[in-house]
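Next come the chains, spelled out residue by residue.
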Amino acid sequence: MEEPEMQLKGKKVTDKFTESVYVLANEPSVALYRLQEHVRRSLPELAQHKADMQRWEEQSQGAIYTVEYACSAVKNLVDSSIYFRSIEGLLKQAISIRDHMSATSQGHR
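Bear in mind that the values here come from a model prediction, so they are computed numbers and not experimental data. (Residues numbered from 1 in each chain as written. Predicted model: local features only at pLDDT ≥ 70, side-chain atom pairs only at ≥ 80, totals over all residues. Heavy atoms only, no water.)

Peer 1: How do you make sense of the overall build of the protein chain when you look at a structure like this?
Peer 2: In terms of helices and strands, the protein chain carries two helices and zero strands. Within the structure as shown, the protein chain displays about 10300 Å² of accessible surface, and the carbon and sulfur contribution to it stands at 64%. (Helix = DSSP H or I, 4+ residues; strand = E, 2+ residues; numbered from the N terminus. Areas by Shrake-Rupley, 256 points an atom, 1.4 Å probe, with all protein chains shown as cover.)

Given below as structure tokens:
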């Protein structure tokens, strides 16, 4: 081969090598730029989703507390049934005594 032809081929090889090194050297920065671009676009929406989720969590916690409180109240009512039965017995006894007193007072007239 002739020397100018070899120089031309050598120039092409070095140009391609230089171009490849340049692309490889800049590729991470391009990738980081694209990543930054994506984060910048999606961050406001993600922040809104986070705020919504926190608000829903607070509402859920409030609802859970309310349900637990109601369950506790119902359980206490069930546990109180013995007292209600006692009160019922005492009321029946009081009614019986009243009726007895009423009948006694009518008999004395």
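Peer 1: Would you mind showing me how to read the packing of aromatic side chains here?
Peer 2: Two numbers describe a pair of aromatic rings. These are the distance of the centres and the angle of the planes. Following the criterion strictly, the structure yields one aromatic pair and no others. When the ring of Y65 is compared with that of Y69, the centres are 6.3 Å apart and the planes differ by 20°; the resulting orientation is stacked. You can see Y65 and its partner Y69 sitting in helix α1 (residues 3-79), four residues apart, about one turn around the helix. Across this residue pair, the class does not change: Y65 and Y69 are exposed. (Phe/Tyr/Trp six-rings, centres within 6.5 Å; stacked < 30°, edge-to-face > 60°. Buried < 20%, exposed > 50% of the residue type's maximum accessible area, 1.4 Å probe, protein only.)

Peer 1: What should I look at first to understand a nonpolar patch on the surface in this one?
Peer 2: A surface patch of nonpolar side chains, about 480 Å² in accessible area, is lined by L32, L35, V39, L43 and L46. By the element assignment, L35 lies in helix α1. (Patch = residues over 30% accessible without salt bridge, like charges linked within 9 Å, V, L, I, M, F, W, Y side chains within 5 Å. Salt bridge = Lys/Arg side-chain N within 4 Å of Asp/Glu carboxyl O.)

Peer 1: Would you explain the side chain of S42 in this entry?
Peer 2: With respect to the helices and strands, the residue S42 is situated in helix α1. Polar side-chain contacts of S42 include one of 2.9 Å to the backbone oxygen of H38. (Polar contact = N/O pair within 3.5 Å; in protein donor to acceptor, adjacent residues only side chain to side chain.)

Peer 1: How do you make sense of the pattern of salt bridges when you look at a structure like this?
Peer 2: Pairing is possible between side chains that carry opposite charge, provided their charged atoms lie close to one another. Here the structure, examined in full by the defined rule, presents five salt bridges. Here D52 ties to R55 by a salt bridge, and the two come within 3.0 Å at their closest N and O atoms. Linking D52 with R55, this pair stays in helix α1, spanning three residues, or about one helical turn. On the basis of relative accessible area, D52 is assigned to the buried category, the value being 14%. Overall, the relative accessible area of 40% leaves R55 in the partly exposed class.

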